[in-house]
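Fold and contact review
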Amino acid sequence: MIACGGRDAQNVRSADTAKTPAAETTTVAATTLTPEQLGELGAQIRKEPARAQELLASHGMNAQSFEKAIRDVTEKPEESKRYAEAYRKASS
């Protein structure tokens, strides 16, 4: 389950880095998403990595806040299961 979050986070980071020069990085207030919402968002990013920033911004997040949210979820077994299930459903 951690691998799902890690893989998504890597896709977000590479898409974020590719599109945003360091000088233009903005701070986004983190939005609290449920594990299910994070799973769906991760699956969307996996399907469309070029839209990663746009998808994250629509949820009030950036690559760093998304990565932190994934790490927080993976520390809790029940939330991690919910995330993984939502990710699998959204990926199909």
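Here the structure is a predicted model, which is why all the values come from computation and not from measurement.

Time to look at the overall build of the protein chain. If you tally the helices and strands in the protein chain, you get five helices and zero strands. Helices and strands appear in the protein chain in the N-to-C order α-α-α-α-α. Counting the 92 residues in the protein chain, one finds 37% classified as buried. Of the contacts formed within the protein chain by residues at least 6 apart in sequence, a portion of 77% connects residues at least 24 apart. Within the structure as shown, the protein chain displays about 5500 Å² of accessible surface, and the carbon and sulfur contribution to it stands at 53%.

Going through the model one piece at a time under the given rule, you end up with five salt bridges. A salt bridge links Arg82 to Glu36, with the shortest nitrogen-to-oxygen separation between them at 2.6 Å. Taken together, the residues Arg82 in helix H5 (residues 77–91) and Glu36 in helix H2 (residues 35–47) connect sequence positions 46 residues apart. You can call Glu36 partly exposed: its relative accessible area is 28%. When the shortest N-O distance is used, the salt bridge between Asp72 and Lys68 registers 3.0 Å. Of this pair, Asp72 and Lys68 both sit in helix H4 (residues 63–74), four residues apart, which is roughly one turn of that helix. Judged by relative accessible area, Asp72 falls into the partly exposed class, the value being 29%. Using a relative accessible area of 45% as the deciding quantity, one classes Lys68 as partly exposed. Through salt bridges with shared partners, one network takes in Glu48, Arg51 and Glu54.

With that out of the way, let us pick up the nonpolar core. The biggest cluster of nonpolar side chains holds 15 residues, and the ones touching the most others in it are Leu38, Leu41, Ile45, Leu56, Met61, Phe66 and Tyr83. Listed by contribution, the elements that provide at least two residues to this core are H2, helix H3 (52–58), H4 and H5.

This part is about the confidence of the model for the protein chain. The predicted model of the protein chain has a mean per-residue pLDDT of 79, with 66% of residues at 70 or higher. Taking the mean pLDDT of every element in the protein chain, the minimum, 50, falls on helix H1 (residues 2–19) and the maximum, 97, on H2. Within the model, pLDDT remains below 50 along residues 14–18, and this stretch shows five contacts once partners closer than five positions in the same chain are excluded. Low pLDDT (under 50) marks residues 20–29, which in the prediction has seven contacts with non-local residues, meaning those over four places away or in another chain.

Below, the discussion takes up the packing of H2 against H4. Where H2 meets H4, the axes come as close as 11 Å, and the angle between the chain directions of the two elements is 130 degrees. As summarised for this structure, H2 and H4 are arranged oblique, according to the angle between their axes. Our pair here, H2 against H4, has a crossing hand that is left-handed. In this structure, H2 contributes Pro35, Leu38, Leu41, Gly42 and Ile45 to the contact, and H4 contributes Phe66, Ala69, Ile70 and Val73.

What counts as what
Residues numbered from 1 in each chain as written. Predicted model: local features only at pLDDT ≥ 70, side-chain atom pairs only at ≥ 80, totals over all residues. Heavy atoms only, no water. Helix = DSSP H or I, 4+ residues; strand = E, 2+ residues; numbered from the N terminus. Buried < 20%, exposed > 50% of the residue type's maximum accessible area, 1.4 Å probe, protein only. Contact = heavy atoms within 4.5 Å. Areas by Shrake-Rupley, 256 points an atom, 1.4 Å probe, with all protein chains shown as cover. Salt bridge = Lys/Arg side-chain N within 4 Å of Asp/Glu carboxyl O. Core = buried A, V, L, I, M, F, W, Y, C linked by side-chain atoms within 4.5 Å. pLDDT = per-residue confidence, 0-100. Axes fitted to C-alpha atoms, helices over the stretch in contact; angles between N-to-C directions. Parallel < 35°, antiparallel > 145°, perpendicular 65-115°, else oblique. Left-handed = near helix turned anticlockwise from the far one by under 90°.

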